[in-house]
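# Report on the structure
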Amino acid sequence: MNLLLLNIIILIYLLATLYLGYRGWKSTKDSEGYLVAGRKTHPYIMAMSYGATFISTSAIVGFGGSAALFGMGLLWLTLLNIFVGIFLAFIVYGKRTRKIGHNLNAMTFPELLGKRFDSKFIQYFSGIVIFLGMPLYASVVLIGAARFLETTLAIDFDVALLIYSVIIAAYVIWGGLRGVMYTDAMQGTIMFVGMVFLLIMTYSHLGGITAAHQALTDMVHMVPAKFAAMGHTGWTSMPTFGSTWWWTLISTIVLGVGIGVLAMPQLVVRFMTVKSNRELNRGVLIGGVFILAMTGIAFVVGALSNVFFYQTQNNISINIAKGNADSIIPIYINAATPEWFVYLFMLTLLAAAMSTSSSQFHAQGTAIGRDIYETLTHKKGGESILITRIGIIIAIIIAVILGYILPENIIARGTAIFFGLCAAAFLPMYTSALYWKGATRAGAIAGLITGTLVTVFWYLFIHKAEAVPLGICKMLLGRDVLIAQMPWPVVDPILVALPLAVLVTIIVSLMTKRPSNRHLETCFKGIK
Amino acid sequence: MLHATTLHGLPQESPQYVCRLARDCNQAALRLVIIVLGIDDPWIWGVYLLCILSALLCVIYGIINWNREGELEAIEIKEEAAWEESEEEMQKEEIGL
């Protein structure tokens, strides 16, 4: 390990981040008008910024590790990431979000929903859901980065987490709030280059696409008996339909994250910052390729890491990582790639963590300052800003503390929980806000509460993976889960909470008074 | 070696011949995909290809619509100017600049 070289690389990266942050900020200040400056925003910058915020260490390290466990079935998530997370998100959701957001002068996702349905409750309740739910997601992003540092520098995980947290906290507090898209774009570019190199290296190391995949297919006899009993059929085949393994892959990982992305507060806000639909059209091109290069490569490489470890150590990835899927990608990178690439990949992960963390903490800060405090107290300016800042600091502290206490194998699951919660709570209301003029305030509130409560209830009492470690069901009812019969303990809440929330939103909206035409005209002004 | 006219024992012009030929071609293509990708399960090689195709869809959409919807209406320009101004004020207040 060449520490001097590593430090120089990280220093150059941080200086470049600072320089671009300063340049982006200055160009906005110096322009004649903000609009002109805005129009100059290159779609590459916008799309890479969205992509870099969307894709974090969680996607690369956490879900890459899951791919080593579940196999290439995780590519269904990549398909949803591209088709739902980019194509539908930009075209179907993004364009209307931009227009309605501008019409209502909304600055945050909860504010957009609150103003669209003329409800302060929606704004602060959504703010509460974000502030309470997002720390888990923020924390697993930090864990993902720290796991890599732990393996690469051979240091204790707790120390690695502290180092990463300090770097990211300094970035977020000092410069991240400016929302400078230049830095995100640079980080996205580093991530893209790093991942493409990783794919090329992996395939060439394993003898090419056909040989690598065939070797993975031929490893079916290496599937541990306990995994096979749960439905694992190999790394290049889908799990047995209806098995524990299948439900976890499809309902939690693929659907939870694949659909949840549509209602992620920190991503929705980006649509409101673009100047015209043209940027979104162009962003689709860049975003689609970027996401393929991120999750597509992470999942293929994650699965193929089994071939590498089988050929070199006669074992499979999860055993090499001593049962912790979160460590598989870091161990693989360190074992299979040259030293210079390990450094490049460390930058890739640092970039991925920084670009996502900054918007996560900012979303939590504005949730508590603007959406909760301002809405409840009607006070703007000084105090609200102070609360926002305090909110950001609290969010960072909570994320770091959670990083220390969360168990192993948590990255993918933690991400899926937050994405699933956002989908159930916000998606029905958000979709109807954009497309259904007949949706009412009562309908939106009913859907929001249903989605949130059913999700929380399901995690506490039904979904075994969370209900057992949390122990609330055991404490109150004396058993691990409320319904022990398969498949319920492995069915993710999103499959129940989202349809219920949609149903409740529709039924209550049909039963209650439609919003005034005047309000609807304001909301939908300029939308054909 | 079989001559095209004798393949499946059907006359070359008959619809059954064309259908069988198409089916054979499809099967050959599928076998080729399985061999090239080294993956037997159609749910996996299918999604592997679909990922690439969906990224291509994004590229094609982006190229076709590269310059569309870029013009803002006069009223929108006014709205955006006001919006940008308040956004900037909020940011200034938030980050203390």
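What counts, and at which threshold
- Residues numbered from 1 in each chain as written.
- Chains lettered and ligands numbered in written order.
- Predicted model: local features only at pLDDT ≥ 70, side-chain atom pairs only at ≥ 80, totals over all residues.
- Heavy atoms only, no water.
- Helix = DSSP H or I, 4+ residues; strand = E, 2+ residues; numbered from the N terminus.
- Buried < 20%, exposed > 50% of the residue type's maximum accessible area, 1.4 Å probe, protein only.
- Areas by Shrake-Rupley, 256 points an atom, 1.4 Å probe, with all protein chains shown as cover.
- Contact = heavy atoms within 4.5 Å.
- pLDDT = per-residue confidence, 0-100.
- Expected span 1.5 Å × (residues − 1).
- Core = buried A, V, L, I, M, F, W, Y, C linked by side-chain atoms within 4.5 Å.
- Salt bridge = Lys/Arg side-chain N within 4 Å of Asp/Glu carboxyl O.
- Phe/Tyr/Trp six-rings, centres within 6.5 Å; stacked < 30°, edge-to-face > 60°.
- Lys NZ or Arg CZ within 6 Å of the ring centre and 35° of its normal.
- Axes fitted to C-alpha atoms, helices over the stretch in contact; angles between N-to-C directions.
- Parallel < 35°, antiparallel > 145°, perpendicular 65-115°, else oblique.
- Left-handed = near helix turned anticlockwise from the far one by under 90°.
- Nonpolar A, V, L, I, M, F, W, Y, C, P; charged D, E, K, R; others polar.

Glancing now at the overall build of chain B. Each helix and strand in chain B was counted, giving 3 helices and 0 strands. Counting from the amino terminus, helix and strand elements in chain B follow one another as α-α-α. Relative to its full complement of 97 residues, chain B shows a buried share of 29%. Summing over all exposed atoms, chain B offers an accessible surface of approximately 6,300 Å²; the carbon and sulfur share of this is 66%.

Moving on, we come to the overall build of chain A. In terms of helices and strands, chain A carries 24 helices and 0 strands. Taken over 528 residues, chain A has a buried fraction of 64%. Across chain A, contacts joining residues at least 24 apart in sequence account for 81% of those joining residues at least 6 apart. As displayed, chain A offers around 18,900 Å² of accessible surface, 68% of which is attributable to carbon and sulfur atoms.

Right, let's talk about the confidence of the model for chain A for a bit. In low-pLDDT regions, the fine details of the predicted coordinates are not to be read closely. Looking at chain A as a whole, the pLDDT averages 85, with 93% of positions reaching at least 70. Ignoring residues within four places in sequence, the model shows residues 30-40 of chain A, a span with pLDDT below 50, making 13 contacts including any to other chains.

This paragraph deals with the side chain of serine 305 of chain A. Mapping serine 305 of chain A onto the fold places it in helix H14 (residues 277-313). Discounting chain neighbours no more than four positions away, the residues touching serine 305 of chain A are Ala68, Ser317, Ile328 and Tyr332 of chain A.

With 39 residues, helix H17 (residues 339-377) of chain A extends 55 Å from end C-alpha to end C-alpha; this agrees with the ideal 57 Å at 1.5 Å per step. Two residues or fewer past H17 of chain A, histidine 378 of chain A is found with a positive phi of approximately 60°.

Let us now look at the nonpolar core. For soluble globular proteins, the rule of thumb is that nonpolar side chains tend to be buried together. Residue and element names in this part refer to chain A. By size, the foremost hydrophobic cluster in this structure holds 194 residues, and its most contacted members are Phe345, Phe426 and Tyr430. A per-element tally of this core places H14 first, with 18 residues. Apart from the residues within four sequence positions on either side, phenylalanine 345 is in contact with Ile60, Phe148, Met195, Leu198, Ile329 and Ile333.

Now for the pattern of salt bridges. Residues and elements named next belong to chain A. Counted by the stated rule, this structure contains 6 salt bridges over all chains. Ionic pairing is found between glutamate 111 and lysine 115, a salt bridge with its closest N-O pair at 3.1 Å. In this pair, glutamate 111 and lysine 115 both sit in helix H6 (residues 109-116), 4 residues apart, roughly one turn of the helix. Of the charged contacts in the structure, one is a salt bridge between aspartate 118 and arginine 441, with a shortest N-O distance of 3.5 Å. Here aspartate 118 is found in the loop between H6 and helix H7 (120-153), whereas its partner arginine 441 is found in helix H20 (residues 441-461), with 323 residues between them in sequence. Under the relative-accessibility criterion, arginine 441 is labelled partly exposed at 42%. In the salt-bridge network here, residues are joined through shared partners; they are Glu111, Lys115 and Arg370.

Right, let's talk about the packing of aromatic side chains for a bit. Residue and element names in this part refer to chain A. The full count for this structure, using the stated rule, is 25 aromatic pairs over all chains. What links up through ring pairs into an aromatic cluster is the set Phe148, Phe197, Trp340, Phe341 and Phe345. Between arginine 116 and the ring centre of phenylalanine 117, over which it is positioned, the NZ or CZ distance is 4.8 Å. Here the guanidinium or amino end of arginine 147 rests over the ring plane of phenylalanine 157, the centre of that ring lying 3.9 Å away.

All names here are of chain A. Orientation of H6 relative to helix H19 (residues 411-435), taken along the N-to-C sense of each, is 60°, at an axis distance of 10 Å. The orientation of H6 relative to H19 falls into the category oblique. When the axes of H6 and H19 are compared, the crossing they make is left-handed. For the pair formed by H6 and H19, the contact residues are Phe109, Leu112, Leu113 and Arg116 on the first element and Phe426, Met429, Tyr430, Ser432 and Ala433 on the second. Per-class residue counts for the contact of H6 with H19 are 7 nonpolar, 1 polar and 1 charged.

Here we come to the confidence of the model for chain B. The predicted model of chain B averages 75 in pLDDT, with 61% of residues at 70 or higher. Here helix H3 (residues 74-95) of chain B is the element of chain B with the lowest mean pLDDT, 61, and helix H2 (residues 42-64) of chain B is the one with the highest, 94.

All names here are of chain A. Burial of H6 is extensive: 7 of the 8 residues sit out of reach of the surface. Among the residues of H6, those classed as buried are Phe109, Pro110, Glu111, Leu112, Leu113, Gly114 and Arg116. Buried positions along H6 lie against helix H5 (75-103), H7, helix H13 (265-271), H17, H19 and helix H24 (517-523).

Before going further, it helps to examine the environment of serine 384 of chain A. All names here are of chain A. If you trace the backbone, serine 384 turns up in helix H18 (residues 382-405). Judged by its relative accessible area of 3%, serine 384 is buried. Not counting chain neighbours up to four residues away, the residues in contact with serine 384 comprise Gly369, Arg370, Tyr373, Glu374 and Lys379.

Moving on, we get to the side chain of arginine 147 of chain A. Here arginine 147 of chain A shows up in helix H7. Every residue in contact with arginine 147 of chain A, bar those within four places of it in the chain, is listed here: Phe157, Asn324, Asp326, Ser327, Pro330 and Glu408 of chain A.

On to the packing of helix H4 (residues 57-70) of chain A against helix H16 (residues 328-336) of chain A, then. Residue and element names in this part refer to chain A. Viewed as axis vectors pointing N to C, H4 and H16 meet at an angle of 90°, and their least axial separation amounts to 7 Å. Between H4 and H16, the interaxial angle falls into the category roughly perpendicular. Taking contact as the criterion, the partners of Ile60, Val61, Gly64, Gly65 and Ala68 in H4 are, on H16, Ile328, Ile329 and Pro330. For the contact of H4 with H16, the per-class residue count stands at 6 nonpolar, 2 polar and no charged.

Moving on to the environment of valine 490 of chain A. Residue and element names in this part refer to chain A. When you line up the elements, valine 490 lands in the loop between helix H22 (472-477) and helix H23 (494-511). Sequence spacing of valine 490 and glycine 242 is 248 residues, and the spatial spacing of their C-alpha atoms is 9.9 Å. Every residue in contact with valine 490, bar those within four places of it in the chain, is listed here: Thr244, Trp247, Thr248, Ser251 and His463.

Now for the environment of asparagine 314 of chain A. Residue and element names in this part refer to chain A. By secondary structure assignment, the location of asparagine 314 is in the loop between H14 and helix H15 (317-320). Taking the C-alpha atoms as reference points, asparagine 314 and methionine 222, 92 residues apart in sequence, are found 9.5 Å from one another. Leaving out residues up to four positions away in the same chain, asparagine 314 has contacts with Met222 and Phe309.

Another aspect to go through is unusual backbone geometry. Residues and elements named next belong to chain A. Between methionine 486 and the following residue, proline 487, the backbone shows a cis peptide bond with an omega angle of 5°. One can find proline 487 in the loop between H22 and H23. Of note, the phi angle at asparagine 105 is positive, near 55°, even though the residue is not glycine. In this structure, asparagine 105 sits in the loop between H5 and H6. Using a relative accessible area of 31% as the deciding quantity, one classes asparagine 105 as partly exposed. Of note, the phi angle at aspartate 118 is positive, near 50°, even though the residue is not glycine.

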